[in-house]
Each structure stands twice: as C-alpha cells, then as structure tokens.
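Read off the chains here:
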Number of protein chains: 2
Amino acid sequence: MTSATRPYGTRERRRSIGSQGESRGGGEERTGPAASEGQEATAILERARAAVDPELRAAVDSLPRRMRRVARYHFGWEHADGTPAAENAGKAIRPALVLAAATALGGPAARAAAVRAAAAVELVHNFTLLHDDVMDRDTTRRHRATAWTVFGDADAILAGDALQARALGMLAEDPHPAAAAAAARLAACVVELCEGQGTDTALEKRAPAEVTLDEVLVMAEAKTGALIGCACAVGALYAGAAPEDVDALDAFGREAGLAFQLIDDVIGIWGDPGHTGKPAGADLAARKKSLPVAAALASGTPAAGELAELYARPHVPEDPDDLDRTALAVERAGGRAWAQDQAADRMSRAMDELARAIPDPESAGGLLSLAEFVTRRST
Amino acid sequence: MTSATRPYGTRERRRSIGSQGESRGGGEERTGPAASEGQEATAILERARAAVDPELRAAVDSLPRRMRRVARYHFGWEHADGTPAAENAGKAIRPALVLAAATALGGPAARAAAVRAAAAVELVHNFTLLHDDVMDRDTTRRHRATAWTVFGDADAILAGDALQARALGMLAEDPHPAAAAAAARLAACVVELCEGQGTDTALEKRAPAEVTLDEVLVMAEAKTGALIGCACAVGALYAGAAPEDVDALDAFGREAGLAFQLIDDVIGIWGDPGHTGKPAGADLAARKKSLPVAAALASGTPAAGELAELYARPHVPEDPDDLDRTALAVERAGGRAWAQDQAADRMSRAMDELARAIPDPESAGGLLSLAEFVTRRST
C-alpha cells in the first residue's frame, strides 16, 4: 500500500475482486453495484470499439495484400479463406483505456483527438499477440486457430512487424501536439513488452524450483502491465496532462494491468472455458509458471512440494484427475488466495495512483469502471 | 531511360558497372577513376560509420539485457559468450546515404542533424536482417552464425521487434522539425520491406516456371530498393528539401538499390566468397530465384530449359560440377549479361533522378560515389 487515503471506496470492494470464480453460475454478478458497473464498462467498451474500429480497419486495410489478409484474419474480420467474418476481435480494453483517460483529463475534445492513438495502441497489442503465438507455438487465440497455424510463421511474423510499423507510423502522421510523445512512449513500451515476453519464454524453460515469485511478477508487469499503463498515459498525453499526471495514469494502468493478469491466471486454472476462450486447466496442463502457481511453489507448504512433484513431470492427458489434483495443490498451497489478495492490493494501489491524477471520482468514472471490470470479468 | 540528359558522365561509366566479377584478381579496380571513386566512397563510409556508431550503440545499449545481448552479437560487437568483439557490422551504406543526402541538400548542419535518423535507418535494416534470417533459416550472416542459431528464434524475433521500436522511437524523441515526416516515411518503408520479404518467401516456394521476371523485380525493389530510397529521402527531409526533391532522392535510392541488388545477385553466383561473406554459388545451391536466374529462365533459350531442369531437382553437394553447370546455364541463357545491363540501366535512371534534385554534380558527389561504389563493390 502506498497511501493511507482510500478514495472511491476501494476497501469495501476489495473482497469482490477476482471472485468471479466462486460466483460462477450463481448469478451474483447480475445484481448489486458490481452488475451496474459491469454494464457501464460494457457500454464504455462498446463505444470505444465503435470509435476506434474505423481507424483500426483503415490502418490494416492500408497494408499490402498478403499482410492485410493475415491481419484481417487475426482480428476476426475474415475467415482463413478470405471471406468476411465477424468473429471476436478481443475486448479492446486498451483503446478504451486510452479514450477513458483522455476523457477523464481533457473531456470530449481530447477523446476525439485520441482515437488514432487508441487504434495505434491496439495495433501494438495485436502485433505482440501475433509474434507471441509464433514463439509460444500457441494454436488457439480467441477460440480460433492462431495466424501462424493458418498462414505459416513467416507471414505471421511479417504481419506483426507491419502492424508495429503502422502503429508508430500513424502517430508520426498525427499532427496532434502530443503525438510525438505518445509515439516515444509507445515505442519504449514495445521494448518492455518484448523484454516481458523474452523473460516469460526463459522462465518457462527453467525448473519450477529455480523460478522466484518476484521474477514472475516483474515479467507480468512488463508483459501485461506495461501496455495497459501506456494506454492510460497516451490518453493523458492527448488531454495535455502534466507530466506527473501522465506518469500517475501510467502507474494506475500498470497496477490495474497486473491485477488483470492475476485474475487472468486464476481463470486460466479454475475459470470458465466458454467465456475466456482458454480451457480451464490449460495453463496447468502446459505446466505454465503462472502467478498463482509461482506463489504456491514459493509457499513452503506441504502442498507446494506436491505441486512441484506434479510439475516435474508432463501432464498426462489420459489421467482425468491430473489437472484436478494440480489445481487443488495450487489452491491448498495458497496460490489462489494469494492471487486474489494480490489483485485486490494492486487494484488498491491503482486507485491511489488514479486519485493522485484525478481527485474527482466522477471524472475518473470511466477508468474506474474499466479497471474494476477487467479484474472481475467473466467474458 | 526516363530522360535524355546524361549528367555526371553516366554513359561513359556504364560498362564498368558490375564488372567486378571479370576484373577479380586483375587489380584493375586499383587504378583509374574507378579506384579513386572507390577510395572516396570508402572514406565516406568510414566517416559515416564513425558519426553514426555512438548513436547506434547508445540505442542498442538502452535495451534490456536479453535483447541487448542478441543485438550486440548481431552487430558484431560481442561474441556469442558476451565478450567484446570487433567483427564486421556491415557496410552501413544506408546511414552513409542518409548523411550524404543531408549534406548534398543541406550542408554540414543538415548532416549533423541527421545522425540520429541515420542510426534509425540502420536499426531498421538490422531488424529486418534478424527477422529474415529466422524466416529463411539462414545460418550465416557477415561470416558469422546468425543470431537465431545462437540465441533461438524467440530472442532473435524479440530483438528485431525491439530494434524496430527503438528506430521509430528515437525519431519520435528527435525534436528536429523533419523527424515526424522521417518517422512516417521509415514506418511506411518497413511495411514495404515486409511485403518484399513475404513475396520473396512465396516466390521461393513456387516452381521456377511459375515465377515471372517482373515479379522478381518488383520483389527486389520492395525488399532492397525501398530502404535505400528511404535512406536518401530521410537525409533530404533533414536538409529541409522540397517534397519533389525528397521524392527524387527516394527514386534515386530505389534505382541505385536495385542496381545494388542486381550486382549482389551476380556476386551470389560468380562472386568472391572471401569478400562478400556469401560463398559463390550459394544462391544456386539453394535454387534461389535471384534476378539473373529469373532473367535466364525467362530468356526462351535452350540454356533456359537446361537451367529449369537443373533447378527442378535439389543441388547435389557431392557433385562438384553441379554448381558450375548451373552457373554456366545462367550465363549462356543471358542472365549475367542481362543483370549487368539492367544494373547499368538502373544506375542511369538513378543519375537522372539525382540530377533532378541536385543539378550540381559537385554537390551530389557523396551520393554519386556511394551509388557507384555499391554497384561495383568487391567488399
């Protein structure tokens, strides 16, 4: 905790963060303040998607044919055979955060000016997804075959390269006075994202006992927190915010992003495959050192030893109990509770940072809704 | 030919373009005007390398440890074990062209202002080399093992991604009034480079008879001409040149770049492995559809049929005559003569474009020397 002030009633909300796993099927999320916040966030996401989509599609459609096809497939706008599709293009949380930050600090004019930058942030996110899937040999993304499995490694790598170039290129073409600072920030963020992905790859190759919880946290901040922080900072830049407020927005996004990753990892173990696109237990089957697992392994409990033993040998798909035993070991070693507490703690820090830049909770509303939504999401 | 004017004595020089293959060992290049031009170009390259190196190293050293190590290895500054090295970092023709164009159009002040942009162009070039080597599974570059063979695909891809981000990021941080236009141009060039690489990969998968000479020319312009053109255009932008002069410099670089590629392909078949770092015949052994081969295949001569037959089956390393027979077929089908004529023609067009932007040959001197050097190079 970095501050004694707790604006926006954070403490009261704390126990609800990441509780979607328990409430699944119970319908609790449909009632009370959380439900209305979820509805507000959904509306914000939809409005952001509608604002950013034309810019995003124009950027992708400006690519030469070969890379355009890969990118349009990746975004879910086309099937593998090139026919039109309307598949899940992702939640577009990052562009929504750009626009929400611009609105919070600069009102509707700043929001309108930041649409191109919001699209650039989403292009960067998708460039990293294209490349990460190649490196990780992941075959499914958003319920669909990943681009490299359809078009081959070379075309997936090239489409990713081109999306990064378009993202930074469209900021270079943007006459807005904040565009250069936004481009510099986004480029620095790409370097951090690459470092996060590299560390992730390296950590996955090491034995579980040789990976510390701190290393996994640092990796997650670089891989996930950095771009969510950058999105908020870019929005602040387009609002003409003071440097310290831009940095506070970055810190807000980083903390909220880490909370998001913690909950994503919880969902990756216990979550709902119908909603997340990631089958429950997939991370455990791949013996991934996700945050709850790293915490469990570091707990010094008897269950930690059991988990280390399970992780020492590959997952046996024929043994239906293997994943249940592994998930139970993570839970008994405290990995799940730690992740939920840590997510709540990160959200609390995020709120502190947000309150620093935007003391008025009303103005911060959109950012608050999005941050709380992504840490309690079930879609 | 696009113009009747022939400034700078192009016609007289025409036959010497690409003639390095014949003169090898004869020492002709050490005498006469060509030799002094070569010395001038070498001096220009050395001066450019000295000016750009600190900026380049600072950019690479700003990367996090993992990617810094890959990039430092790739540039020849470190061995694979991380100990310092002073290996061949490439000729740095592109940054030299940035500086030469800035000097030609804006004098020493423009040259000094363009150093960062010159480094950015070189970073982009090296990002594409890192990625191309992964995609093409090439194992040797500049006489050394390629980065992916040493560090793995993931780290080589990530280092490339980070170099692109640093390149465009350092232009975003550059307060020079031309920086945004330069960044936009460089980003658009990256997209074209990716398209060129994608087309190359696709062409290599097709049967020789299904590849037209025009396709190979278009691919070579995108893959090689585009960045050399962009380098010249970026230099012109930093000199505050008028848009039509920036475009003329781009066209100059594209034409000279294609001439460079034609000669590079000639060297790839008949050239000197000690000098180029590419063993003679390597392109033929890989059955690569380089420009002379594409021209030979399209010639309709009996030798074209023979070449098509040789290319239809893989190279036999045990048969010492296989490469000689293949090279002879390309030559008898006119592939070598076509490439040399085409290179001379491209250089002639390059000179026209250059004369359009810079009518005074004295001012154009550096650009001329570099362009003629790269099309007659033996190093």
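Because the structure is a prediction, the values reported are computed rather than measured.

Rules behind the numbers
Residues numbered from 1 in each chain as written. Chains lettered and ligands numbered in written order. Predicted model: local features only at pLDDT ≥ 70, side-chain atom pairs only at ≥ 80, totals over all residues. Heavy atoms only, no water. Helix = DSSP H or I, 4+ residues; strand = E, 2+ residues; numbered from the N terminus. Buried < 20%, exposed > 50% of the residue type's maximum accessible area, 1.4 Å probe, protein only. Contact = heavy atoms within 4.5 Å. Least-squares fit on C-alpha atoms with pLDDT ≥ 70 in both. Expected span 1.5 Å × (residues − 1). Arc of directions from axis to C-beta. Polar contact = N/O pair within 3.5 Å; in protein donor to acceptor, adjacent residues only side chain to side chain. Axes fitted to C-alpha atoms, helices over the stretch in contact; angles between N-to-C directions. Parallel < 35°, antiparallel > 145°, perpendicular 65-115°, else oblique. Left-handed = near helix turned anticlockwise from the far one by under 90°. Nonpolar A, V, L, I, M, F, W, Y, C, P; charged D, E, K, R; others polar. Salt bridge = Lys/Arg side-chain N within 4 Å of Asp/Glu carboxyl O. Buried area = accessible area lost by both parts, 1.4 Å probe. Disulfide = S-S within 2.5 Å. Core = buried A, V, L, I, M, F, W, Y, C linked by side-chain atoms within 4.5 Å. Phe/Tyr/Trp six-rings, centres within 6.5 Å; stacked < 30°, edge-to-face > 60°. Lys NZ or Arg CZ within 6 Å of the ring centre and 35° of its normal.

Caption draft 1: View of the overall build of chain A. If you tally the helices and strands in chain A, you get 18 helices and 2 strands. Counting across all 379 residues of chain A, residues that qualify as buried make up 59%. Partitioning the contacts of chain A with sequence separation of at least 6, the portion at a separation of at least 24 is 72%.

Caption draft 2: Spatial organisation of the relation of the copies chain A and chain B. Its rotation angle being 180°, the transformation that places chain A on chain B also includes 0.0 Å of axial translation and leaves an RMSD of 0.0 Å. Read as a symmetry element, the transformation amounts to a two-fold axis. Of the residues that chain A buries at the interface, 100% are likewise interface residues in chain B, meaning the two copies contact each other through the same surface.

Caption draft 3: Up close: unusual backbone geometry. Residue and element names in this part refer to chain A. Phi is positive for arginine 137, which is not a glycine, with a value near 55°. Positionally, arginine 137 belongs in the loop between helix 6 (115-136) and strand 1 (140-141). Within the chain, histidine 143 stands out as a residue other than glycine whose phi angle is a positive 65°. Position of histidine 143 relative to the elements: it lies in the loop between strand 1 and strand 2 (144-145).

Caption draft 4: Structural detail: helix 16 (residues 320-332) of chain B. Residues and elements named next belong to chain B. Its 13 residues place the ends of helix 16 19 Å apart at the C-alpha level, agreeing with the 18 Å of an ideal helix rising 1.5 Å per residue. If you check which residues of helix 16 are buried, you get Asp322, Thr326, Ala327, Ala329 and Val330. Seen along its axis, helix 16 keeps its buried residues to an arc of 155°; they face one direction. Summarising the geometry of helix 16, the exposed residues directed more than 90 degrees from the buried face are Pro320 and Asp324. Buried residues in helix 16 make contact with helix 11 (243-270), helix 13 (282-285), helix 14 (291-297), helix 15 (302-312) and helix 17 (335-357). N-capping of helix 16 is provided by aspartate 319, with a side-chain oxygen placed 2.9 Å from the backbone N of aspartate 321. Of the residues one or two after helix 16, glycine 334 is the one with positive phi, at around 90°.

Caption draft 5: Spatial organisation of the packing of helix 8 (residues 153-172) of chain A against helix 9 (residues 179-205) of chain B. Remark: helix 8 of chain A packs on helix 9 of chain B, axes separated minimally by 8 Å, with the N-to-C direction vectors making an angle of 165°. Classified by the angle their axes make, helix 8 of chain A and helix 9 of chain B are roughly antiparallel. The chirality of how helix 8 of chain A crosses helix 9 of chain B is left-handed. Packed against helix 8 of chain A, whose contacting residues are Ala154, Asp155, Leu158, Asp161, Ala162, Ala165, Arg166, Gly169 and Ala172 of chain A, the element helix 9 of chain B presents Ala180, Ala183, Ala184, Ala187, Val190, Val191, Cys194, Gln197, Gly198 and Thr201 of chain B at the interface. Looking at the contact of helix 8 of chain A with helix 9 of chain B, its residues break down into 12 nonpolar, 4 polar and 3 charged.

Caption draft 6: Just the pattern of salt bridges, in detail. Enumeration according to the criterion identifies 50 salt bridges over all chains in this entry. With its nearest N and O atoms 3.2 Å apart, the salt bridge here joins aspartate 53 of chain B to arginine 49 of chain B. Taken together, the residues span about one helical turn, with aspartate 53 of chain B and arginine 49 of chain B both in helix 3 (residues 32-61) at a distance of 4 residues. Accessibility expressed as a relative area gives 16% for aspartate 53 of chain B, which makes it buried. Measuring nitrogen to oxygen at the nearest pair gives 3.0 Å for the salt bridge that ties aspartate 250 of chain B to arginine 254 of chain B. With a gap of 4 residues between them, aspartate 250 of chain B and arginine 254 of chain B both fall in helix 11, about one helical turn apart. Considered together, aspartate 250 of chain B and arginine 254 of chain B belong to a single accessibility category, that of buried residues. In the salt-bridge network here, residues are joined through shared partners; they are Arg185, Glu192, Glu221, Asp247, Asp250 and Arg254 of chain A.

Caption draft 7: Region of the structure containing the packing of helix 11 (residues 243-270) of chain A against helix 18 (residues 365-374) of chain A. All names here are of chain A. Two elements in contact, helix 11 and helix 18, have axes separated by 8 Å at closest approach and are oriented at 25°. Comparing the axis directions of helix 11 and helix 18 gives the class roughly parallel. Only Leu367, Ala371 and Val374 of helix 18 make contact with helix 11, whose side of the interface consists of Leu249, Phe252, Ala256 and Phe260. Of the residues in the contact of helix 11 with helix 18, the class split is 7 nonpolar, no polar and no charged.

Caption draft 8: Broad picture of the interface of chain A and chain B. With 34 residues of chain A at the interface, the matching set in chain B holds 34 residues. Carbon and sulfur atoms supply 74% of the area that chain A and chain B bury against each other, a total of about 2,600 Å² over both sides. Summed over the three residues of chain A that lose the most area to chain B, namely Arg66, Leu158 and Val191 of chain A, the buried surface amounts to 19% of that side. At the junction of chain A with chain B, the criterion picks out 0 salt bridges. Put simply, chain A and chain B have 6 residue pairs in polar contact (both at pLDDT 80 or more) between them. Looking at the side of chain A that touches chain B, the elements with two or more residues in it are helix 4 (65-74), helix 6, helix 8 and helix 9 (179-205) of chain A. Broken down by element, the side of chain A that touches chain B gets its largest block of residues, 13 residues, from helix 9 of chain A. Taken together, the residues of the side of chain A that touches chain B break down into 21 nonpolar, 7 polar and 6 charged.

Caption draft 9: How the structure looks around the state of the cysteines. For the structure shown, the criterion picks out 0 disulfides over all chains. Cysteine 230 of chain A forms no disulfide, and the closest cysteine sulfur to it belongs to cysteine 189 of chain A, at a distance of 4.3 Å.

Caption draft 10: Structural detail: the nonpolar core. Within the largest apolar cluster, 260 residues are counted, with the highest numbers of intra-cluster contacts made by Leu249 and Leu367 of chain A together with Leu249 and Leu367 of chain B. Not counting the four nearest positions on each side in its chain, leucine 249 of chain B is found in contact with Ala101, Leu105, Gly229, Cys232, Ala233, Ala236, Leu354, Ala357, Ile358 and Leu367 of chain B.

Caption draft 11: Summary view of the packing of aromatic side chains. Counting across every chain of the model gives 4 aromatic pairs over all chains. Residues phenylalanine 75 of chain A and tryptophan 77 of chain A carry aromatic rings whose centres are separated by 4.8 Å and whose planes lie at 15° to one another, so their mutual orientation is stacked. With a relative accessible area of 0%, phenylalanine 75 of chain A lands in the buried category. Here tyrosine 73 of chain B and phenylalanine 151 of chain B contribute two aromatic rings whose centre-to-centre distance is 5.5 Å and whose plane-to-plane angle is 70°, an arrangement assigned as edge-to-face. Placement of tyrosine 73 of chain B in helix 4 (residues 65-74) and of phenylalanine 151 of chain B in helix 7 (residues 147-151) is noted, with a sequence separation of 78 residues between them. The ring of tryptophan 77 of chain B carries the charged tip of arginine 57 of chain B above its face, separated from the ring centre by 4.2 Å.

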